[in-house]
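Descriptive structure summary
Listed below, chain by chain, are the residues.
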There are 4 protein chains.
Amino acid sequence: MELSNIINIGVVGYGYWGPNLVRNFMRAANSKVTMVCDPEEKQRHRAVESYPGLKTTGRSEELFSATDVDAVAIATPVASHFPLAKAALQAGKHVFVEKPMAANVAQCEELIELADSKNLILHVDHTFVYTSAVTKIKEEIDSGAIGDLLYYDSTRVNLGLFQHDVNVLWDLAVHDLSILGAISDKEPRAVSATGISHVPGQPENTAFLTVFYDAPLIAHINVNWLAPVKLRRTLIGGSKKMIVFDDLSPSESVKIYDKGVETTESEEDIYLLKVSYRTGDMHSPKVELTEALLTEANHFIHCIKKGSPSMTDGRAGLKVVKILEASERSLQLRGGLIEL
Amino acid sequence: MELSNIINIGVVGYGYWGPNLVRNFMRAANSKVTMVCDPEEKQRHRAVESYPGLKTTGRSEELFSATDVDAVAIATPVASHFPLAKAALQAGKHVFVEKPMAANVAQCEELIELADSKNLILHVDHTFVYTSAVTKIKEEIDSGAIGDLLYYDSTRVNLGLFQHDVNVLWDLAVHDLSILGAISDKEPRAVSATGISHVPGQPENTAFLTVFYDAPLIAHINVNWLAPVKLRRTLIGGSKKMIVFDDLSPSESVKIYDKGVETTESEEDIYLLKVSYRTGDMHSPKVELTEALLTEANHFIHCIKKGSPSMTDGRAGLKVVKILEASERSLQLRGGLIEL
Amino acid sequence: MELSNIINIGVVGYGYWGPNLVRNFMRAANSKVTMVCDPEEKQRHRAVESYPGLKTTGRSEELFSATDVDAVAIATPVASHFPLAKAALQAGKHVFVEKPMAANVAQCEELIELADSKNLILHVDHTFVYTSAVTKIKEEIDSGAIGDLLYYDSTRVNLGLFQHDVNVLWDLAVHDLSILGAISDKEPRAVSATGISHVPGQPENTAFLTVFYDAPLIAHINVNWLAPVKLRRTLIGGSKKMIVFDDLSPSESVKIYDKGVETTESEEDIYLLKVSYRTGDMHSPKVELTEALLTEANHFIHCIKKGSPSMTDGRAGLKVVKILEASERSLQLRGGLIEL
Amino acid sequence: MELSNIINIGVVGYGYWGPNLVRNFMRAANSKVTMVCDPEEKQRHRAVESYPGLKTTGRSEELFSATDVDAVAIATPVASHFPLAKAALQAGKHVFVEKPMAANVAQCEELIELADSKNLILHVDHTFVYTSAVTKIKEEIDSGAIGDLLYYDSTRVNLGLFQHDVNVLWDLAVHDLSILGAISDKEPRAVSATGISHVPGQPENTAFLTVFYDAPLIAHINVNWLAPVKLRRTLIGGSKKMIVFDDLSPSESVKIYDKGVETTESEEDIYLLKVSYRTGDMHSPKVELTEALLTEANHFIHCIKKGSPSMTDGRAGLKVVKILEASERSLQLRGGLIEL
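It should be emphasised that the depicted structure is a prediction, and the values quoted were computed from it without experimental measurement. (Residues numbered from 1 in each chain as written. Chains lettered and ligands numbered in written order. Predicted model: local features only at pLDDT ≥ 70, side-chain atom pairs only at ≥ 80, totals over all residues. Heavy atoms only, no water.)

1. A short note on the interface of chain C and chain D
How big an interface is tends to be stated in terms of the accessible area lost upon association of its parts. Taken together, the contact between chain C and chain D spans 52 residues of the former and 53 residues of the latter. Contact between chain C and chain D buries roughly 4400 Å² in total, counting both sides, with carbon and sulfur atoms accounting for 71%. On the chain C side of the interface with chain D, the three residues burying the most area are L159, P228 and R334 of chain C, jointly 15% of the side's total. A salt bridge links E339 of chain D to R334 of chain C; the shortest N-O distance between them is 3.6 Å. (Contact = heavy atoms within 4.5 Å. Buried area = accessible area lost by both parts, 1.4 Å probe. Salt bridge = Lys/Arg side-chain N within 4 Å of Asp/Glu carboxyl O.)

Here is the structure:
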């Protein structure tokens, strides 16, 4: 495919998230939104009001076949990610799809294969990975300063909108799973999930997920739509240092503690281990207040132009969906282990 | 047994917790510590220095057979709770034993039966239950103001002393399980626990426990000896109101939120449920700064004098140990469900 | 003046604050913005882009003489408030002017007189007074629940933009002075102000202002453009209860403490006073997240239609400027008392 | 004076603070408390109970003339500091006196002169100066890392005991003035103080003190016995970095921010200054949890043995009292400037 200097973006879905995609692909370098698709007349009207030159359509086929659309950004409910992304890829368009990537593992695998075969960029919108805070955390871990990852323990709760199509893990834990995928290249091995629905006939609104990795890493995610206060706090334990990431503390969201334990073989007895404690300074790196989605849009455009894979490509999306799918089965077993 | 007006207490174990027991049973009404038993000469010396008149011994048999000991308080490692409490009961002494009550369910059951048969008070030191904060929370729940309990979700982590004989659940989750026993009379039905040991050959230092009750209640407890910051926070969701209990916020440790969701049958379709949200004021009741252990000592003395069962009697202790024992089996299964 | 059902608003100044005025007068009931005046072509263009039908001009005279402008909202630098407001009033327009109302007391008095003589509404944009938090605080005080006001003590600091035309009191303390005017009808009697400029030749960037009222009320305001952290906290002491207003804590910005001291005449000696302490519960009323400026715009429109004075009219604006003007003289005297 | 290896301490006053002095001079190296003086029989009894070998007396003359007392620690009400310290020095004893050093400047000067003439150590108990946190802050400032001090702004409020003999500045601001004396060797030049008494006939319970130094330093201290919450926070602005010292945040009490403003001469116009902002990382050094009073006791003993002046000697004490004395006069003038 010949690409002009500017990548033309078509956005499918102009509800809650779509306008953010349009705004940022308008601001990103070498990128421009040319068309928006939404079934609702009202939403299409809203889009044109904000961006007078924009073309709109109610039919996604029209967007996929447009010659002035090089890449498609999809911001629709989960169930429609697969058919829309598939059609876009088949039409030769690069794809930027909301998380979670698709409704199940099989769909993810089919999309990956399709994108590979057509040599198209398939990018999953794991927005958190592109925040300054997570970027800073990833840098610290990659530099070796934190040591081996020992645990990732996240609490992500608030009085949140109850969703009817997916449970709270698909809605909230997906953020942590995308962060985990970015900061560690370890493979998840198994999951155990527990939870409850407090509204009969509805998906779980409170859930607790453990993801087992090869030792010494374990991950745990606590999500809840029914909490009286909003908490967004992640503890990341390393063998050298430990991190507290509090997304609600804008000026000091990342704190790195020079704390840990050390084990030494006791002199008296080779079989006895001694644990000693180390506590030191705390350091909170400056985190820029740039909008993650703009960084991400620029990355996507860059990948298209260079033909290089996205940092959050289909494989990253699949990794997340694989855990979510397994966690649903574990939920049915009330914590029973599901190997991945 | 004839009891003089003053209950004479013998304390077994004068290490970390024993001095607190002596101090409070000295302050409690109608109570006096007459003897302390500790195998170490140094500790016995320490006790006498602080309380010149006190008798001491290195042999627990001597304390159990003393005629001026009416009740025995046991503050020793978990493994010795059972033999010591058993010997004390057999000697006709009332018993006040540290938590967890004993090392397994069978031991707890034997102690309960023994105390019942001898008509003696068997009290487990679930100290948290006697704090002003938990007392206030219990009052709110018992009054009906909170509604049905929906979840209990506790985080109890810090850079804590690694223990070698028990894992982090026996050390820290025991507090939450004792609180749960006090604020709800529901029976736990099953558990799922996951965790990890980061020091080879040692018990789990990081663990996550879900306790299933009859709907709509679920409990979850996150404990960790390897966290960079100290957190002691419990969210308690009720159908009417919700509570945040932060034990590290001395002046506002209990906050009660008038928040929740309500479900109504949709008018259009009887099968569709609508969820609506209610957010209102927050109220933080004053919590007295009295020492819980003094309240508890007074309660124990009162039970002895009245012959009434303790609020945290052997059955309360058993309930906690039952969950801990099951959680160990679930940990082996990496989250596999263990019915109680 | 005959007013049509809809009040037509002309906005002068489309820099930082002007767009907020336009947006809210567009949303307010019975109100519409018809014209925007800004000397810069770029800003006028920005206004038309957002509101296609809007008329614009670079000359304020044109706006003041427009027949489809009933009221003028002024969002320009302080120095121009007086000439613009005066011209608007002379042209028979109601006026909504940014705080501080004008550059000195004489200007304020002239505007008040002019508005009175022409029977026009003169409203000063003391936005904070229209926030849900301050409204709630005012309700509590007006109800008598707080008792007599004893002190108002505010800290309003951050690493803020250094201004070149006014010092930090005119920039930040103005918020507290407007709140004080709203929650208490006491007259300020005198001021003492201290401060420093850390940039040679520039106005004070750090300042401390005490405002004396009749006993038992005193007010103190600490403002700083050179602080490493952002603080927005006000303590309000009452004879019955006390309030902490933390504008950076969105969900619990207002906390009302049932705390205080009571003095009683000692029985032994009528000349000795005893002070006793009362500490009780804390209550945090729900504060709505409505935009204060919309509430204020609606109030302004209502005042015009009813001919009733604004809650933050010229007299309220004058009260604030009187204190600011006196504080500048006190600053020169390094704290010397200036009577009002 | 010949000193044995161990310095024998006599403590005058065994009320609130005296027991802390005894405990720490018992623990300090090369130091021992030999005698305690208190007019009340009950307090003397309390002292002997805790320290069986201790001699006690109700008459200070007896303590001052005792041959086994090398140095005297005075923990009595402010009014008695001068006569007691004077008598002790005249008897040839080194002196450790509570802050504030004395009731007025003249008394301080007389004590300094007396100690100098007799070559005795005169130490003022500015405890805060010996805390790990202030020591760390002082190190950072002395190293040049913070740059020139621009401001010291402290808030020290709570619902505190109303005192009848001194106002809230003598009770609380004294801490900040002692810290200021330790971290900066600049001379205070003038003060302005405002405040109020809410209890008729009693000293001010709420007060605000500005201390002027040579540019660019200014200090401000906000103290209040009538606040609903306890705050202990100090902002220290430097030309290179800024510090927040929060004494109520035990694990992160000192935070050092790489933030500030820089002024550069504008290129266009040499007379115009440009201000640019620098924001960077935050660093929180580990602060040891050692008891300040033990550090201080060791320092006092060291000074006696070496004949070197104390870090908080009579001159440091005088500097604080000079400001407090002037602040009382300024309070009468409601902020009027008092030159020092």
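2. A word on the relation of the copies chain A and chain D
Between the two copies of this chain, the relationship is a rotation about some axis together with a displacement along it. The transformation that overlays chain A on chain D combines an axial shift of 0.0 Å with a rotation of 179°, and the residual RMSD is 0.0 Å. With respect to symmetry, the two chain copies, as superposed, fit the operation of a two-fold axis. Taking C-alpha positions as the reference, the residue of chain A nearest the rotation axis is H283 of chain A, at 2.3 Å. Of the interface residues in chain A, 100% have counterparts in chain D that sit at the interface too, so the contact is made through matching surfaces. (Least-squares fit on C-alpha atoms with pLDDT ≥ 70 in both.)

3. Points about the sheet that holds strand β6 (residues 122–125) of chain D
All names here are of chain D. Across the sheet, six strands lie side by side as β3-β2-β1-β4-β5-β6; this open sheet has parallel pairing. The open sheet terminates on both sides in strands that have one partner only, identified here as β3 (55–57) and β6. Averaged over all pairs of adjacent strands, the angle between their axes in this sheet comes to 25°, without regard to strand direction. Sheet topology note: the strand β5 (residues 94–98)/β6 ladder contains four bridges and is parallel. (Pairing = 2+ DSSP bridges. Helix = DSSP H or I, 4+ residues; strand = E, 2+ residues; numbered from the N terminus. Axes fitted to C-alpha atoms, helices over the stretch in contact; angles between N-to-C directions.)

4. Some details on the side chain of S154 of chain B
All names here are of chain B. With respect to the helices and strands, S154 occurs in strand β7 (residues 149–159). Here the side chain of S154 touches D176 through a polar contact of 2.7 Å, side chain to side chain. Apart from residues lying up to four places away in sequence, S154 is in contact with D176, H220, I221, N222, R233 and T234. (Polar contact = N/O pair within 3.5 Å; in protein donor to acceptor, adjacent residues only side chain to side chain.)

5. Some details on the packing of aromatic side chains
Applying the stated criterion to the full structure yields 24 aromatic pairs over all chains. By way of ring pairs, the aromatic residues F25, F96 and F300 of chain A are connected into one cluster. In this arrangement the basic side chain of R156 of chain A is found over the ring face of F128 of chain A, its NZ or CZ atom lying 4.8 Å from the centre. The side chain of R334 of chain B reaches across the aromatic face of F212 of chain A, ending 4.9 Å from its centre. (Phe/Tyr/Trp six-rings, centres within 6.5 Å; stacked < 30°, edge-to-face > 60°. Lys NZ or Arg CZ within 6 Å of the ring centre and 35° of its normal.)

6. Brief notes about the environment of K230 of chain D
Residues and elements named next belong to chain D. With respect to the secondary-structure elements, K230 resides in strand β11 (residues 226–238). Since its relative accessible area comes to 49%, K230 is described here as partly exposed. A C-alpha to C-alpha distance of 30 Å links K230 and D148, two positions 82 residues apart in sequence. Contacts of K230, omitting those with residues within four sequence positions, involve V157, N158 and L248. (Buried < 20%, exposed > 50% of the residue type's maximum accessible area, 1.4 Å probe, protein only.)

7. Let's talk about helix α4 (residues 81–90) of chain C
All names here are of chain C. Residues of α4 that are buried include every one of H81, F82, L84, A85, A88 and L89, and no others. Buried residues along α4 sit in contact with β1 (7–12), α3 (60–65), β4 (71–74), β5 (94–98) and α5 (105–118). At the exit of α4 stands G92, carrying a positive phi of roughly 85°.

8. Notes on the sheet that holds strand β4 (residues 71–74) of chain B
Residues and elements named next belong to chain B. Strand order in this open sheet of six strands is β3-β2-β1-β4-β5-β6, and the pairing throughout is parallel. Looking at which strands have only one partner, the edges of the open sheet turn out to be β3 (55–57) and β6 (122–125). Shown here is a sheet whose adjacent strand axes are inclined to one another by a mean of 25°, direction ignored. Pairing analysis gives six bridges linking strand β1 (residues 7–12) to strand β2 (residues 31–37), with the strands arranged parallel. Bridge pairing in β2 links N8 to K32.

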